[in-house]
Number of protein chains: 2
Amino acid sequence: MFGRIVMDVRAERFDEPLEERKRAHGKDARDTDLTVDDLKALVDEFKAVVKKDSGRNFPSDPLEQLDLAIKAVFASWFGKRANDYRNSQKIAHDLGTAVNVVTMVFGNMGDDSGTGVAFTRNPNTGEDQLFGEYLTNAQGEDVVAGIRTPSPISQLQQDMPAVYDEFNRIGRQLERHYRNVQDLEFTIERGRLYMLQTRDAKRTAAAAVKIATDMVDEGVISSEEAVGRIEPAQVDQLLRATFDPAALKTAKRIVKGLNASPGAAVGRAVFDADVAVDWVNRGEKVILVRIETSPDDFHGMAVAEGIITARGGATSHAAVVARQIGKPCVAGSSALDVNYGAKSASCSLTGIDFKEGDWLSLDGTTGDLYLGELPTVSARFEDQPELQRILGWADGIRRMGVWTNADKPEEAAQARSYGAEGIGLCRTEHMFREGERLEIVRGAILVANAATRAKAKAASGESLTDDENESVATFDAAMAKLEVLQQGDFEGIFKAMDGLPVVIRLIDPPLHEFLPNLEEQLVKVTRAEDAGGASEEDEDLLRTIKSMHEQNPMLGLRGVRLGLMIPDFVKVQTRAILNAQIKVKQAGGNPIAKIMIPLVGHVNELARTRELLDAEAKAVESKAGVDVDYKFGTMIEVPRGALTADEIAREASFFSFGTNDLTQMTFGFSRDDAEGGFLLKYVEDKILPFNPFQTLDDAVAGLMKIAVDKGRATRPGLEVGICGEHGGDPESIAKVERIGLDYVSCSPFRVPVARLAAAQAVLAGAAVRDK
Amino acid sequence: MFGRIVMDVRAERFDEPLEERKRAHGKDARDTDLTVDDLKALVDEFKAVVKKDSGRNFPSDPLEQLDLAIKAVFASWFGKRANDYRNSQKIAHDLGTAVNVVTMVFGNMGDDSGTGVAFTRNPNTGEDQLFGEYLTNAQGEDVVAGIRTPSPISQLQQDMPAVYDEFNRIGRQLERHYRNVQDLEFTIERGRLYMLQTRDAKRTAAAAVKIATDMVDEGVISSEEAVGRIEPAQVDQLLRATFDPAALKTAKRIVKGLNASPGAAVGRAVFDADVAVDWVNRGEKVILVRIETSPDDFHGMAVAEGIITARGGATSHAAVVARQIGKPCVAGSSALDVNYGAKSASCSLTGIDFKEGDWLSLDGTTGDLYLGELPTVSARFEDQPELQRILGWADGIRRMGVWTNADKPEEAAQARSYGAEGIGLCRTEHMFREGERLEIVRGAILVANAATRAKAKAASGESLTDDENESVATFDAAMAKLEVLQQGDFEGIFKAMDGLPVVIRLIDPPLHEFLPNLEEQLVKVTRAEDAGGASEEDEDLLRTIKSMHEQNPMLGLRGVRLGLMIPDFVKVQTRAILNAQIKVKQAGGNPIAKIMIPLVGHVNELARTRELLDAEAKAVESKAGVDVDYKFGTMIEVPRGALTADEIAREASFFSFGTNDLTQMTFGFSRDDAEGGFLLKYVEDKILPFNPFQTLDDAVAGLMKIAVDKGRATRPGLEVGICGEHGGDPESIAKVERIGLDYVSCSPFRVPVARLAAAQAVLAGAAVRDK
């Protein structure tokens, strides 16, 4: 109160005389050890501080004191901390504050007095019962000071039943009034209950969900309000995998560090970022173990399941990057002695050591690192009926559809169980990569250009050389094999999403991604040459890799460009999709195919691709003797595509924003290069307010708005969605709601989050309109 | 006439009976060798063709013939060729055509008859005198058939002075009427002159310039019209370097091929694209010699001075690409026998051979390849007073300034002599590359990150380790050396551009561009390891190169990002610029400095850089004891920069569009990768109407318009220019005139072209407004 009254004296200035007085009573002395004389002397000393710092005497007129106290509260509105807080919470600075002047009450006036804090419901479980603690014959300070052990609030029912009942009744009334669980402070003075403070209670995710549904059932809040009460992050939390509690009981904990980025991760220990990349390329899962990380380790962090460091706190490079890229991380495990040379580490406390390749289980939520491969349990959606009820209400509110990005039948099925209403992005790249396929694809790529040129030559009536005929034969054979395999993939996906739309994106990445790494092949061939000579095959492969090498592959031969240069990619994928559709339909299913072309910047790219595709569809139809039915659309992910969306909409029956690439190109950022480097600094130094790959940038959103408006000007009712990673980010979902998109598409495990966020985006919009 | 009358008979169908008749008179027989009987029989045969092909008899009623002939002319409007022509020339299809029906006149009715063609002025030199040829007692066919040698038109003055005078008078009258030099066809029938046709005459660049200025002097056309009459390409042609005619007389010509892309090029023979790149990296100039080229050769073509191929015509890969990238090219030199294995070539006709490394001189304008290093002569601007007069008139018309992109004093001086009114882009990269500097820069780069981190640590009050102190010392020493050298560079440029603005762009490229190539270093280290062990220095260098390697360097750590990560680059360059300015000013000069930041996408990037720069400027001021004066601006070359130009204009006092990067990012095209690959096909297949790196794309121009409007909304009168390559392209200049830019900046030798094009853009705008 002193500090508050005399504005120009900092509260800490009173600590020193107080501490000095206490020290005279021993080093562990408490405030209560001070004698009356001590306190009297202290008052003088405090007054001296006031005089010294403020240049005036402490006022002895109570009204003057009150006046200064009131002014101090008002003045606190302008303090730096309050200012920063309002900025961070986007609270208007001209809103002002209020001062209530009340009589002091005392909880330390005997055993019929007391004080305590309580929640109107259990903030951990959500159970509808008072939860808290209190002390008889005590003031609030006593609870905080921890001298006496408080009793659970249920004890109050024994001690003062009438007060307890009244407290319970008032709590319930406050709950109804504020329409939310309350966090209460109270004092009992000589049997009379005084409420000191009430505010909405913080709660766990599980409690939030239970409380919200209970309150709807009790008629306290509407289902809309219940939807508004859950944080999207809480939904995420409820669905995040954790280690199996049974397994944890017997797990060998190596070390405990800072819980820097939440989540459970299992993988094999590696001590170097390059090694991490190598191992992951070989199909291993890894935990990256470092003394500390630097931007040079980013590529290893990006591929690791989790990261643990011996040094650095919650704002260390490892911690910040891990949170940014959503990887579990334990930082600052100072007991861990990491030896890069020996590729091993040991804990000085537990004595447990491990070496490269050993299995580790890392809990970023708790900060624990365990030895071995612990089983994880996913928090099962079907076991959470309250969450499902809330998301059901959300479904009734939201305007946008929630679709998913899924490449495989099992992912599609999981997303569907989470409530996905379609596939907004089925990438076909993995269909070229998995298992035996990569070899087939490489075989095709090595002759793709030659075969395509030969086919063009043959089409113009010229006859082919033997070499040319051979490339065509080799290429076609490989592509035919791929077609069969891909058709099977598409059948699986159509079955999993029966009756729901499936947006299939034709192959997007540059072909050299399917070939061995240039540097590795270069070293291999150089080594072989030094040792006497490289094989012709290796030399050939190196030559092909070099000829396909690009300065900036992100802006090179990929997406729609690929299909225009090597039309067989479009043809084979089209046939595989449409034949899969026919087959599933003939088996009684309802497959809904939407074919999507990536990286379109000019309407002619789409028009030419559409010609190719329509011709192939006709061929499939006439061969199968049935009609095929598909929608043809495009991604909008190149700025020029967005800027000319009116032209592009002539050829596309739907748009889907690829906001990852759109962000890269609009900013001129290569995500790969930026996130481990300058972007980190940009966000740290507030050059950018946030990482635009996590939350949609406003300028990118503005460009999307231009595209939506132009697209719908050409084609009213044009279906427009988003399939970039932003589709699963609540803040971005709110932004695309305002742009008027039809759906968001996100990874399966983000679907519940997106259902909630999409509903909240509608509620926020309604709130803005109501103002 | 037959073909025209009977629409459904192709004209060629009459050739066969005609040829057969002629063959009967010997294999070299002419039309005139046919007898009357032959002609009578031929008429019957022609009628049979008509009957056979059209199903009806050839009409014998002259009125019906006339009617059909008229209809045929009208119908020709819809023919494919006419249609294509209108499309290519952007002529409206609904414009229609006219038919004039006139009496036939005959030039073969005796020696007082004749026929000829003539220009009202000499189309080669522009000299104001009739130029052409004629034949007495002849029809137009006879001139074309080449049986008789026509006389020069001056002979007509001797033969028929009255007719000549009349012809001269009519020619002059037509010239006045059409206000242009005319290309005339005429017939004299028994002493009476008939004008058959008149049209504007085609002419050489030199003639165009002379005629235009003469006509202004004669009062025939206004100076504005004169400006409109010259094609920008003609200005370019008048200034293009050619081989010294004196040297050509004794030059050894190796071979003559197709003149596929104009210009003179001198360099050393290389037979492989990779070798070309290697040699150029070593500072050599090369001529790439190939049997034919493919997309795999693009990187070699891009660095070569010129290209020659043994195979392929005017539309071969070599020819198309060379024209696209503006390199002289001789294609299809079929007498040249190229031996890749022996790295040599020889001409089967001249017997001259050459091998890798030999000097060659290639004339793409004529198709000649010479042995040796021939001297070139630039067509001197100061020797072309008519051209200068026209550009002077253009200067009076144009609204936009014409500035130049020049990095060195000599370039600046040349551009200034061409009329440049400022430097719109002074790149500072070469200041890091030339001579001894590259080694200094590499030394700085190797410790740049460590030194920057150490400086930040020291700034926060922590003490540095010995290693850290050493990196700071090494880095600062290197940067200090660079500062001295750069200040000298800037002094030279300020002097050359005394009194004119100089826009200096701070360093832009990613730092790894200054380091050795990753692949080369990798091979070097691998080889050394195989041979027993690489030096620590080489291993270190490889490690640094790897750590700085980027997936997509165009979108990586460069431009403004570089200065924010390593502030010393901004500081050193700022000091060098401002101290140079002070020095030149103190020597009595008037240096006008404008500092420009590249690659800005977010206003905060610019704000932070400005803080750095302003602080450094203050330091320079206080050290020198004088005020410094500079403008601070930004490039707009990232889509986000354009989209948020209203925010960016808060910090920038001028904008300059970097349309190369803006085109790359708006399209999502890496120019390096696209131009040798898919972009070539895109333009060939008309997926894109033109190469957007040569002529500004309309969507990119639209984005620029957004930026200009937003920028000027924040800062009325904001100065906006363009410094991408489009700044020297006439079509692009017309587009940026419409956007309202203040100036274009282009390479020195394009300055005269740009002066003309900027004036024509104003005239075109006025014409549009007049409509």
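Okay, so let's go over this structure. This structure is a prediction, so every number in the text was calculated from the model and none was measured.

Observations regarding the overall build of chain A
For step 1, the next point in the chain: The helix and strand inventory of chain A stands at 33 helices and 26 strands.
For step 2, the next point in the chain: For chain A, the C-alpha atoms occupy an extent of roughly 115 × 65 × 55 Å along the three principal directions.
For step 3, the next point in the chain: A buried classification covers 50% of the 771 residues belonging to chain A.
For step 4, the next point in the chain: Summarising the internal contacts of chain A: among those between residues at least 6 apart in sequence, 65% fall at separations of at least 24.

Some remarks on the interface of chain A and chain B
Frequently, the measure chosen for interface size is the accessible area removed from exposure when the parts meet.
For step 1, the next point in the chain: Listed per partner, the contact involves 54 residues of chain A and 54 residues of chain B.
For step 2, the next point in the chain: The contact between chain A and chain B buries some 4,800 Å² in all, and 59% of this surface belongs to carbon and sulfur atoms.
For step 3, the next point in the chain: Three residues, Leu 555, Arg 640 and Ile 687 of chain A, lead the burial of chain A against chain B; their summed loss comes to 12% of the area buried on that side.
For step 4, the next point in the chain: Here chain A is connected to chain B by six salt bridges.
For step 5, the next point in the chain: Residue Glu 529 of chain A is joined to Arg 527 of chain B by a salt bridge in which the shortest nitrogen-to-oxygen separation is 2.8 Å.
For step 6, the next point in the chain: There are 32 residue pairs in polar contact (both at pLDDT 80 or more) connecting chain A and chain B.

Brief notes about empty space enclosed by the protein
For step 1, the next point in the chain: For the structure shown, the criterion picks out three cavities of 30 Å³ or more.
For step 2, the next point in the chain: By volume, the largest cavity amounts to about 80 Å³.
For step 3, the next point in the chain: Every residue lining the largest cavity is listed: Leu 506, Ile 507, Gly 559, Val 560, Gly 563, Phe 569, Val 570, Gln 573, Ile 597, Pro 598 and Thr 609 of chain B.
For step 4, the next point in the chain: Secondary structure elements with two or more residues in the lining of the largest cavity: helix H23 (560–565) and helix H24 (568–586) of chain B.
For step 5, the next point in the chain: With three residues, H24 of chain B is the single largest residue contributor to the lining of the largest cavity.
For step 6, the next point in the chain: Looking at the lining of the largest cavity residue by residue, the classes come out as seven nonpolar, four polar and no charged.
For step 7, the next point in the chain: One number sums up the size of the second largest cavity: a volume of about 60 Å³.
For step 8, the next point in the chain: In terms of lining residues, the second largest cavity is bounded by Leu 506, Ile 507, Gly 559, Val 560, Gly 563, Phe 569, Val 570, Ile 597, Pro 598 and Thr 609 of chain A.
For step 9, the next point in the chain: Of all elements in the fold, only helix H23 (560–565) and helix H24 (568–586) of chain A reach the threshold of two or more residues within the lining of the second largest cavity.
For step 10, the next point in the chain: Its residues assigned to classes, the lining of the second largest cavity comprises seven nonpolar, three polar and no charged.

Quick word on the sheet that holds strand E25 (residues 719–722) of chain B
All names here are of chain B.
For step 1, the next point in the chain: Spatial strand order, E19-E20-E21-E22-E23-E24-E25-E26: eight strands in a closed barrel with parallel pairing. Going from strand to strand, the sheet's axes swing by 30 degrees on average, the running direction of each strand aside.
For step 2, the next point in the chain: Pairing geometry for E25 and strand E26 (residues 743–746), over two bridges, is parallel. Bridged to Ile 722 within E26 is Val 744.
For step 3, the next point in the chain: Most of the contacts of helix H25 (residues 603–624) go to strand E23 (residues 630–636), to which it runs at about 155 degrees, and overall it touches strand E22 (592–597) and E23.

A word on unusual backbone geometry
Residues and elements named next belong to chain A.
For step 1, the next point in the chain: Phi is positive for Arg 190, which is not a glycine, with a value near 50 degrees.
For step 2, the next point in the chain: For Arg 190, the position within the fold is in the loop between strand E4 (182–189) and strand E5 (192–200).
For step 3, the next point in the chain: Although it is not a glycine, Lys 343 adopts a positive phi angle of roughly 50 degrees.
For step 4, the next point in the chain: Of note, Lys 343 is situated in the loop between strand E13 (336–339) and strand E14 (344–347).

So, the relation of the copies chain A and chain B
For step 1, the next point in the chain: The transformation that overlays chain A on chain B combines an axial shift of 0.3 Å with a rotation of 180 degrees, and the residual RMSD is 0.4 Å. Here the two chains are linked by the operation of a two-fold rotation axis. In terms of C-alpha distance to the rotation axis, chain A has Asn 552 of chain A as its closest residue, with the C-alpha 2.3 Å off the axis.

Quick word on the pairing of strand E2 (residues 131–136) of chain A
All names here are of chain A.
For step 1, the next point in the chain: Two strands pair when backbone bridges link them, and strand E1 (residues 114–119) and E2 are joined in this way by six bridges, in the antiparallel orientation. By the bridge assignment for E2, Gly 114 is matched with Thr 136.
For step 2, the next point in the chain: In this sheet, strand E3 (residues 151–152) lies alongside E2 in antiparallel orientation, the contact comprising two bridges. Note that in E3 the partner of Tyr 134 across the bridge is Ser 151.

Structural notes on the sheet that holds strand E14 (residues 344–347) of chain B
Residues and elements named next belong to chain B.
For step 1, the next point in the chain: Strand order in this open sheet of three strands is E13-E14-E15, and the pairing throughout is antiparallel. Each edge of the sheet is formed by a strand with only one pairing partner; in this case those strands are strand E13 (336–339) and strand E15 (353–355). Strand-to-strand twist in this sheet, taken as the mean axis angle between neighbours without regard to direction, amounts to 15 degrees.
For step 2, the next point in the chain: Two elements, E14 and E15, share three bridges in a ladder whose sense is antiparallel. Within E15, the position partnered with Ala 345 by the bridge is Phe 354.

Structural notes on the packing of aromatic side chains
All names here are of chain A.
For step 1, the next point in the chain: One pass over the full model with this rule turns up 26 aromatic pairs over all chains.
For step 2, the next point in the chain: When the ring of Phe 167 is compared with that of Phe 186, the centres are 4.5 Å apart and the planes differ by 45 degrees; the resulting orientation is tilted. Here Phe 167, found in helix H8 (residues 161–178), pairs with Phe 186, found in strand E4; they are 19 residues apart in sequence, far enough to count as distant.
For step 3, the next point in the chain: The class of Phe 167 is buried, set by a relative accessible area of 0%.

Observations concerning helix H21 (residues 518–530) of chain A
Residues three or four positions apart in an α-helix share a direction because the helix packs 3.6 residues into each turn.
For step 1, the next point in the chain: The first and last C-alpha atoms of H21 of chain A sit 18 Å apart over 13 residues, in line with the 18 Å expected at 1.5 Å per residue.
For step 2, the next point in the chain: The complete set of buried residues in H21 of chain A reads Leu 518, Gln 521, Leu 522, Val 525 and Thr 526 of chain A. Projection of H21 of chain A onto a plane perpendicular to its axis shows the buried side chains occupying an angular sector of 130 degrees, all on one side.
For step 3, the next point in the chain: Elements in contact with the buried residues of H21 of chain A: helix H22 (536–548) of chain A together with helix H21 (518–530) of chain B.
For step 4, the next point in the chain: At the N-terminal end of H21 of chain A, a side-chain oxygen is found 2.8 Å from the backbone nitrogen of Glu 519 of chain A, two or three residues along, and the residue is Asn 517 of chain A.

Examining the environment of Phe 78 of chain B
Residue and element names in this part refer to chain B.
For step 1, the next point in the chain: For Phe 78, the location among the structural elements is in the loop between helix H4 (62–76) and helix H5 (80–89).
For step 2, the next point in the chain: Phe 78 sits in the exposed class, given a relative accessible area of 66%.
For step 3, the next point in the chain: Each C-alpha atom, one on Phe 78 and one on His 93, is 8.7 Å from the other, the two residues being 15 residues apart in sequence.

Describing the pairing of E14 of chain A
Residue and element names in this part refer to chain A.
For step 1, the next point in the chain: Because side chains alternate across E14, one face comprises the buried residues Ala 345 and Cys 347, and the other comprises Ser 344 and Ser 346, none of which is buried.
For step 2, the next point in the chain: Judged from the four bridges that link them, E13 and E14 form a sheet pairing that is antiparallel. Within E14, the residue paired with Leu 336 across the bridge is Cys 347.

Examining a nonpolar patch on the surface
For step 1, the next point in the chain: A cluster of nonpolar side chains, contributed by Leu 63, Leu 66 and Val 101 of chain A, occupies part of the molecular surface with about 290 Å² of accessible area.
For step 2, the next point in the chain: A residue is classified by how much of its surface remains accessible, and Leu 63 of chain A, at 64% relative accessible area, is exposed.

Some details on the nonpolar core
For step 1, the next point in the chain: Counting 222 residues, the largest nonpolar core has Phe 657, Met 704 and Leu 741 of chain A together with Phe 657, Met 704 and Leu 741 of chain B as its most contacted members.
For step 2, the next point in the chain: Residue contacts for Met 704 of chain B: discarding those within four places in its chain leaves Phe 657, Thr 659, Leu 662, Leu 696, Ile 722, Val 736, Ile 739 and Leu 741 of chain B.
For step 3, the next point in the chain: Core analysis: the second largest hydrophobic core is formed by 59 residues, Ile 440, Ile 507, Ile 545 and Leu 562 of chain B among them.

Remarks on the pattern of salt bridges
All names here are of chain A.
For step 1, the next point in the chain: Within the structure shown, the criterion is met by 106 salt bridges over all chains.
For step 2, the next point in the chain: The partner of Glu 421 in a salt bridge is Arg 398, with the nearest N and O atoms 3.1 Å apart. With Glu 421 in the loop between helix H17 (409–417) and strand E20 (423–427) and Arg 398 in the loop between helix H16 (385–397) and strand E19 (401–405), this residue pair connects regions lying 23 residues apart in the sequence.
For step 3, the next point in the chain: For Arg 398, a relative accessible area of 10% puts it in the buried group.
For step 4, the next point in the chain: A single salt-bridge network, built from bridges that share partners, covers Arg 121, Asp 128, Arg 172, Glu 175 and Glu 218.

Remarks on a negative patch on the surface
For step 1, the next point in the chain: A contiguous patch of negative charge, built from Asp 272, Asp 274, Asp 278 and Glu 520 of chain A, is present on the exposed surface.
For step 2, the next point in the chain: In this structure, Asp 278 of chain A sits in helix H13 (residues 273–281).

Section: the packing of helix H28 (residues 659–667) of chain B against helix H31 (residues 698–714) of chain B
Residues and elements named next belong to chain B.
For step 1, the next point in the chain: H31 packs onto H28 with a crossing angle of 110 degrees between their chain directions and a minimal axis gap of 10 Å. Here H28 is positioned roughly perpendicular relative to H31, judged by the angle of their axes. For the pair H28 and H31, the crossing hand works out as right-handed. Contacts from Thr 659, Leu 662, Thr 663, Thr 666 and Phe 667 in H28 reach Val 700, Leu 703 and Met 704 in H31.
For step 2, the next point in the chain: Taken together, the residues of the contact of H28 with H31 sort by class into five nonpolar, three polar and no charged.

Focus on the side chain of Thr 293 of chain A
All names here are of chain A.
For step 1, the next point in the chain: Note that Thr 293 resides in the loop between strand E10 (286–290) and helix H14 (298–303).
For step 2, the next point in the chain: At 3.1 Å, the side chain of Thr 293 forms a polar contact with the backbone nitrogen of Ala 318.
For step 3, the next point in the chain: In contact with Thr 293, other than residues within four places in its own chain, are Met 301, Ile 307, Thr 309, His 317 and Ala 318.

What counts, and where the lines are drawn
Here the residue index of a chain counts from 1 through its sequence in written order. Numbering of ligands from 1 and lettering of chains from A proceed in the order in which they are written. With the structure being a predicted model, the display of local features is reserved for residues of pLDDT at least 70 and the display and counting of side-chain atom pairs for 80 or more, all residues being used for whole-chain, interface and lining totals. Hydrogen atoms and water are omitted, and side-chain values are computed over all heavy atoms in the structure. A helix here means a DSSP run of H or I that spans at least four residues, while a strand means a run of E at least two residues long, and both kinds are numbered starting from the N terminus. When a residue's accessible area, from a 1.4 Å probe over protein chains only, is under 20% of the maximum for its type it is buried; when over 50% it is exposed; and in between it is partly exposed. The contact criterion used is simple: two residues touch if any of their non-hydrogen atoms lie within 4.5 Å. Summed over both partners, the accessible surface that disappears when two parts come together, traced with a 1.4 Å probe, is what is meant by buried area. Take a side-chain nitrogen of Lys or Arg and a carboxyl oxygen of Asp or Glu: if they are within 4 Å of each other, that pair is a salt bridge. Under this definition, polar contacts are N or O atom pairs within 3.5 Å; protein pairs additionally need one hydrogen-donor-capable and one acceptor-capable atom, and for neighbouring residues in sequence, both atoms have to be side-chain atoms. Residues are said to line a cavity or pocket when one of their atoms sits within 4 Å of a point; the points come from a 1 Å grid over protein atoms alone, cavities being sets where a 1.4 Å probe fits but cannot get out and pockets being open sets with protein on both sides within 12 Å along at least five of seven lines. Grid points are joined across faces, edges and corners, and a volume is the space filled by probe spheres set on the points. Think of it as three bins: nonpolar holds Ala, Val, Leu, Ile, Met, Phe, Trp, Tyr, Cys and Pro, charged holds Asp, Glu, Lys and Arg, and polar takes everything else, Gly as well. A pair of strands counts as paired when DSSP detects no fewer than two bridges linking them. Angles shown run from 0 to 180 degrees and are taken between the N-to-C directions of axes, each axis being a line fitted to C-alpha atoms and, for helices, limited to the stretch in contact. The atoms used to superpose the copies are C-alpha atoms, taken from residues with pLDDT of at least 70 in both, and the fit is least squares. When two rings of Phe, Tyr or Trp (its six-membered ring) have centres within 6.5 Å they constitute a pair, described as stacked for plane angles under 30 degrees, edge-to-face for angles over 60, and tilted for the intermediate range. Working rule for helices: expected span equals 1.5 Å times residues minus one. As used here, the arc is the angular range of directions from the helix axis to the C-beta atoms. Candidates for patches are residues over 30% relative accessible area with no salt bridge; among them, like charges are joined within 9 Å and nonpolar side chains (Val, Leu, Ile, Met, Phe, Trp, Tyr) within 5 Å. Where accessible areas are quoted, they stem from the Shrake-Rupley method and a 1.4 Å probe; at the residue level, only the protein chains shown are allowed to cover. The definition of a nonpolar core used throughout is a set of buried Ala, Val, Leu, Ile, Met, Phe, Trp, Tyr and Cys residues joined through side-chain atoms within 4.5 Å. We score Asp and Glu as negative and Lys and Arg as positive, and we do not count His or the chain ends. Each charge is placed at NZ for Lys, CZ for Arg, CG for Asp and CD for Glu. Throughout, the term roughly parallel applies to angles under 35 degrees, roughly antiparallel to angles over 145, roughly perpendicular to angles from 65 to 115, and oblique to all others. In this scheme, a crossing is called left-handed if the near helix is turned counterclockwise away from the far one by less than a right angle; it is called right-handed if the turn is clockwise.

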